[in-house]
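# Breakdown of the fold
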Amino acid sequence: MDSLSPGISGAISVSAKHILLSEILSVTSAMRKNSRWALSTPSVTARDSTLASSLGLRVSKMPLNAHAFGRGSTEQELMAGFHNLKQLVKDIEDLHSLPLSTLLSPFLAIIRSPLSTGPITSAALTALHNFFLCGLVCPGAVSLPSALAELSSALSSCKFEASDSSGDEVTLLKIMAVIHDALCGSAGRTLGDIEVCEMLETVLTTSCQMRLSEILRRSAEGTLHQLVRTVFARLYDLDPEAEERKVADNGDPEGSEMKMSVSASAPPPEEPTPNVEDNAGSEPSPEVLPSEERPPPDTPSLPRPAYGLPSILELLRVLINILDPNDQAHTDSTRLTALRTLNVAMEIAGTRICAYPSLSGLILDHGCKYLFQLARSDHPAVLQTALRTTATMFETMRPKLKLQQELFLAFTIDRLAPPSAPSNKNLPLVQKAFTGSPRPGSSVPSTPQLGPPPSEVDSEKIPSTPRLVVAPARGDTRELLLETLCQIARHPSFMVDLYVNYDCDMNCENMFERLVEFSAKGIYPAQSMGGQDYNLQNSQFLCLDLILAFVGRMAARAEGAREEWPPLFPSPEDLQRTKSQKKLILAGAARFNAKPKTGLAFLEENKLIYGDPDEPRPLSLAKFLKSSARIDKRLLGDFISKPENIEVLKAFMSLFDFKGKSVAEALRELLESFRLPGESQQINRITETFAEVYFATEPEEVKSQDAVYVLTYSIIMLNTDQHSPHIRKKMSLEDYMRNLKGVNDGADFSPEYLQNIYDSIRKQEIVMPEEHTGQLGFEYAWKELLARARQAGDFLMCNTSLFDAEMFKAVWRTVVSAIAYAFITFDDDYIIERAIAGFRQCATLARHFDMPDVFDFVVISLSQATSLLSDAQPAQVPNYPVVEVDGQPVTVSTLSVKFGTNFKGQLAAVVLFNIVNGNANALREGWTQIFEMFQTLFLHSLLPPSMLQMEDFLGGSSSIPLRRSQPPRAPPRSDGLLSALSSYLMTPYSSSTDALVPDATDADVEKTLCTIDCISSCRLDELYSQIMQLEPEALVAAVRALEALAHERTVARLKLESDDVSSGPGSQQPSPYTLPYDPASVFLLETMVSIARRTPQHIEDVWPILFEHLSALLSTPAQYSILLIERAVVALLRLCVILAERHTLRDQIYLSFDLLARLPPAVASSVAEQVVTGLTLILQQHRDIVHSQTEWNVVFALLRSTISHPEAARQSFEILSSIASGPEELVTADNFLGLVNALDEFATVAGIAVDAQQQGRRTQSLNASNSPIVERGRKAIDMIADLKRCWSRFAGTSGLQQNHIWRQFGLPLLSSLARQASNTSREIRHAAIVHLQRILLGPHLPVDEDNQGQIEDIFNRVIFPLLDELLKPQTLLRDPMGLPETRLRACALLCKAFMQFEAREGQTADIRVLWIQVLDLLDRFMHVDRRDQLYEAVPESLKNVLLVMNATGLLVPPRSPEDTRNERQIALWAATHERVERFLPGFLDDIIPTPAPQPEAAPASQPSPTPAPAS
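Throughout this document, residue positions are counted from 1 along each chain, in the order its sequence is written. Per-residue local features are limited, in this predicted model, to residues with pLDDT of at least 70; the limit for side-chain atom pairs, both in listing and counting, is 80 or more; totals at the level of whole chains, interfaces and linings are taken over all residues. Hydrogens and waters are ignored; side-chain quantities use all the structure's heavy atoms.

### A look at the overall build of the protein chain
Short version of the rule: In DSSP terms, a helix is any run of H or I states spanning at least four residues, a strand is any run of E spanning at least two, and both are numbered starting from the N terminus. Only protein chains enter the accessibility calculation, which uses a 1.4 Å probe; a residue whose area is less than 20% of its type maximum is buried, one above 50% is exposed, and one in between is partly exposed. Contact definition: two residues touch when any of their heavy atoms are within 4.5 Å. In these tables, accessible area is a Shrake-Rupley quantity obtained with a 1.4 Å probe, and a residue counts as shielded only by the protein chains included in the view.
Check the secondary structure of the protein chain and you find 61 helices and four strands. Out of the 1511 residues belonging to the protein chain, those deemed buried represent 54%. In the protein chain, of all internal contacts separated by at least 6 residues, the share reaching a separation of at least 24 is 75%. Accessible surface for the protein chain amounts to roughly 64500 Å². Of this, 51% is attributable to carbon and sulfur atoms.

Rendered as structure tokens:
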């Protein structure tokens, strides 16, 4: 064949006439080469008008038409046609002026003639091809339509004698080329529908002939694809409405001439089906079409319209019908050709097809049905091509394929992940799909099911829905299905569209959730499909790609790559409302299917039934049962046919519209809504009710309700008889009529009436729900799907973000788990990179939707992949080698070496911390993993130094020691900055000198450096800084996580280990178990406090968490390491500094102080310096923080707890001194008593120190000049005494009565001085007794002399206890040399106090008891040591007291002859005389002698108040 290019046809050098004559020569030369053709001579015809005229002959005027030349049936006639054509064009230069049909006629006659051979026909075809190339056949040619019609007819009926098979196939190839020229060239638009159909039929038939060579069929198919592209592209130029009207008006346009046929087999009567003749076993024949010759078309008198929708519709019909897998006339090879051609058509005009209802209707019905059936083919090529065509169909026609796509997706998922039947009862919705249609979560009953059958059938379950049984996909089939699924799902809006169209549709499956769950499960290894059958990893990659694409597209929408929701679409609120209601209905239906009573209660509770009070309850329930596709149809039939539900049954039937329907069709509609129960009584109730309802519609020819009842039974029996495979002898029409004689109220039904019923049931079985499997059930279900599709509307497509939040909430856990598994399991770099991107996007979505649970799950998943979460930490950190790299110390630990080789773990760590950086506010539970990793890194010296600092009151910041060192204790510091921390401090990364340190190899160092680089990339210090800026909720979560980890390492661990010790052998332990030093617990504590300190604005939120942990530690401080307790004390005080700034939290300060004040002495001494420093800081910054007496008492108690520590005691005393000796207003009624007690404590401690020194028998005794302790005690006494100045101020400002002043302020102060008057320190003792005497005998004592109770308090609570203490032998032993002097002073104080308070003039109180106590003490003092000065001093002091008492009239001796004393004087003298006589016989009589008797004349009315000797 000439290979002239169409691209140069307009620029050809030779004329069209030259080409015509050349082609005539080529054809005639080929004809002459044949022996049969060589004898042919041209004959003279009357058509040669020139010759006839010259001879004077009459010439008939015959028009030049399409059959002017070459219509003969002999070789001579065929040859003559070319001769005549040459004569015709001899004198004509412009061939375009001649009719094109005239020019082509001889060539077409050769092609059409059965006398022609292959080479001759080939030459003619080459000529036609060149005519197209040179432009002879062009749109402007005369009579072009008729010429093309003849050309089409000739090509379609081409016949030639077979010769060489290869040469014959070349001829066929040239036919394909000419058809291509005609249809695809510039003149193709003028072809009519019939010509197009003829050409397409020729090419399609050639491509399907298996007897032809592969190359010819492939070439023909290639030509077919080009023709289809051209033809279907015309859809874009046509007016859909006009074309559809044309098809509707013509019915069968152009008559039978336009019916394409590719097979000799007869089509079914109801619908012609294209068939391809397959004669692989017959003799090869180049005759492509049937042998009978088609008559040539007549030249149209009127211009024929260009081809349009009719021919395209016919082509599509033929292609789709070839796909029917149940048509045995077609082979898989033929279907492959049709599939590929259909795919080309939809690639070209799929979107435009939707505009033509006739075309889209073909595809939506038979096209989808056959494609889906072919998608289960075992033929690999058919399967692959069917899937490709299906994908193209969804790509281009998705808006019209809502339910079809649902079915295909469900079928595909079923094949890839077959549901597990045994556990179906409680499976979630997405896993129940396609295991039984009416179950909740399955597709509606009308959806045909193509998935695999369940392996078992539960006796409680209904039979499965009609379905085609297909085995689970394996091997290449599985991979092919997955690839197709990924291709269909490649649109950015795919998952959103699934959610909107299916999950938010009451009658559809939750396809979005199901697809995501399937994809996620596909990433894990298959458990039931052995890995030998297919490439497992590639399948996992494809499933992962679906998940990551879903996440990535949602993240892109969150960042702004989204579309606006079209206003014509249903509102998002309505869709979400439907989704919520659907969830309730699914739950209610599931409960109803499990137990109807429970289900009805649930439905009523959620107002799904009985919501309208005006609506009868049976009707409300019946509406729900009829409308819900999720109800078990077998259970439904059983439920409504029970006796107690007869009203529901009637209401259910009343919902059907049987008006005007035959009884067969009415019964069909009814029985397709539920499964007829098996019990006869139940069937009887249903039949009776149906008869009643149907008869009420006044059907024709039915005379009674009983007649309907009998008819109904007969129809049910007829349906079983006609369609049961177990019944061989079928009931005839006559039998049926005979059975119904006389049942119509005594009369017969008309034969036509019964025949219509009989034919209806015979031709179309009544298919009850779940009754059939196999093709019949599928056909019924497909019919129902189409019915639903008409109501379902278009498939909504919009890449909106309105539903992303709900979608992500529904599947995030599944998605993140799958990505985490892929990240941990797969080793492919690309997959890991994609998984990392997925993690980032999930984190972005978590923040965008404010879903901390998602963020936590991402962090937890990644943290598990880092290998930085250690299950068990060593009790003590080992000594790791430390090497120097670039001048920096590097610790080579076991973790640093192991982590340095764990590339996946490093990736996970970097990704994790980069995700958390900047998103920390979205984290909640995940903080536990973050800080646990911090803890692990800390223990292996891998944290940045800035995260290892301990803030201190004493010496700034220091690093947390990894191991406890125990050097000799340092002496007390003179600068006041000594801390218990000094015994622990060491560089955190140094090793102990007394432990062996292993050597680090170069490889270990290199791995450690890799680890350090990774940790640096994690930017932990940035994250640590971000923690300080967290929002309250995230901050609380972080602190809670730290507290939980710290609790686990301290309180929980202590309980566990102490229980183990107590339950172990030899557990009799005198002291409680103590936890060894744990650096991690200190690290966690310091981190907690550091966060709280740097976020003071949130102290109210985090304080309860911190205090709970600190109080747990400080309540049993002896059981923890002292460094941990010190850090806890410092932490508490540092927090109190912040609390002091919050008025609402100031009460918490005193709870903390009280906790510290209760520390055991040994612990308190260790932390005393920290305590007093912190307290000083608080009091200096917040002077007004202490208000009440209780608060002051707590502060003073805390100060007193620090006295045992030298440096702390000094600072505490300075605080007390600043209060006592400072401005007068600092001492208040609230703090007076506490201040006295605190100062008293200092004096007491000084005495204890002196006593300890004396017990040690040191040569030099302690005094104020050589001992700070004694000095502070001495000053404390002076301060206590000086506080007496406050009494008068309190009386004037506080408004207290004098009795209260005495009780609250005076008596405590005197009691303190009295206690210290027996202090071991002589200086303190003497100072106390001096101050005591001055105050007691001075003018400022707040005592009411008339208040005998206050006077008695002075003696009983101040002086007497002092004297009792001084009389004790052990008191004497403390200071044998100085105590006698103290006793002497005390004895003198006793006598002076008694004389001032009791032996005064005007004393009216009974002082006898008190006086006897004084005499007792004097007696004891006098005889305590006869060598003592007291032996002489006591009588002298007593003498003065007696004289004063006598002078004041208290102590009066008896007189004679008449005793004029009152009873009080008599009693007091008697008691005194009796008591003094015991230790000083005659002493009283000597001091106060009895007076001489007086004359009787002397008046005795008023005794003298003073005795005579007293003068």
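Next comes the rest of the account.
### A short note on the pairing of strand 1 (residues 882-885)
Formally: A pair of strands is treated as paired once DSSP finds two or more bridges between them.
Bridge count for strand 1 against strand 2 (residues 888-891) is four bridges, and the pairing is antiparallel. What sits directly across from E884, in strand 2, is P889. Linking strand 1 back to strand 2 in an antiparallel pair, the connection comprises two residues, with D886 at a positive phi of about 55°.

### Some remarks on helix 33 (residues 804-825)
Applied cut-off: The angle between axes fitted to the seven residues ending at a residue and the seven residues starting there is what we call the bend at that residue.
Residue V811 marks the point of greatest curvature in helix 33, where the axis turns by about 60°. All buried positions along helix 33 are accounted for by D804, M807, F808, V811, W812, V815, V816, A818, I819, A820, A822 and F823. Residues of helix 33 that are buried sit in contact with helix 19 (494-503), helix 20 (511-523), helix 21 (536-558), helix 34 (829-848), helix 35 (852-866) and helix 37 (903-916).

### Structural notes on the packing of aromatic side chains
How we decide: Aromatic contacts are taken between Phe, Tyr and Trp rings whose centres are within 6.5 Å, Trp giving its six-membered ring; a plane angle under 30 degrees counts as stacked, one over 60 as edge-to-face, and the others as tilted. The criterion is that NZ of a Lys, or CZ of an Arg, lies within 6 Å of the ring centre and within 35 degrees of the ring normal, and then a charge sits over that ring.
Scanning the model with the defined rule gives 42 aromatic pairs in all. Here F808 and F849 contribute two aromatic rings whose centre-to-centre distance is 6.0 Å and whose plane-to-plane angle is 45°, an arrangement assigned as tilted. Taken together, the residues span a long stretch of sequence, with F808 in helix 33 and F849 in the loop between helix 34 and helix 35 at a distance of 41 residues. By the burial criterion, F808 is buried, and F849 matches it. Taken together through their ring pairs, the aromatic side chains of Y499, F512, F550, W565, F569 and F803 make up a single cluster. Of note, R617 hangs over the ring of Y610, and the distance from its end group to the ring centre comes to 3.8 Å. Over the face of the ring belonging to F656 we find K626, whose NZ or CZ atom lies 4.7 Å from the ring centre.

### Some words on the packing of helix 1 (residues 16-33) against helix 6 (residues 118-134)
We count it as follows: To obtain each axis, a line is fitted to C-alpha atoms, and for helices this fit is confined to the stretch in contact; angles are then taken between N-to-C directions over 0 to 180 degrees. Should an angle fall under 35 degrees it is taken as roughly parallel, and over 145 as roughly antiparallel, whereas 65 to 115 is taken as roughly perpendicular and any remaining angle as oblique. Residue classes follow a fixed rule: Ala, Val, Leu, Ile, Met, Phe, Trp, Tyr, Cys and Pro count as nonpolar, while Asp, Glu, Lys and Arg count as charged, and any other residue, Gly among them, counts as polar.
Orientation of helix 1 relative to helix 6, taken along the N-to-C sense of each, is 170°, at an axis distance of 8 Å. The angle between helix 1 and helix 6 falls in the class roughly antiparallel. Residue-level contacts link I19, L20, E23, S26, V27, A30 and M31 of helix 1 to P119, I120, A123, A124, T126, A127, N130, F131 and C134 of helix 6. Counted by class, the contact of helix 1 with helix 6 contains 12 nonpolar, three polar and one charged residues.

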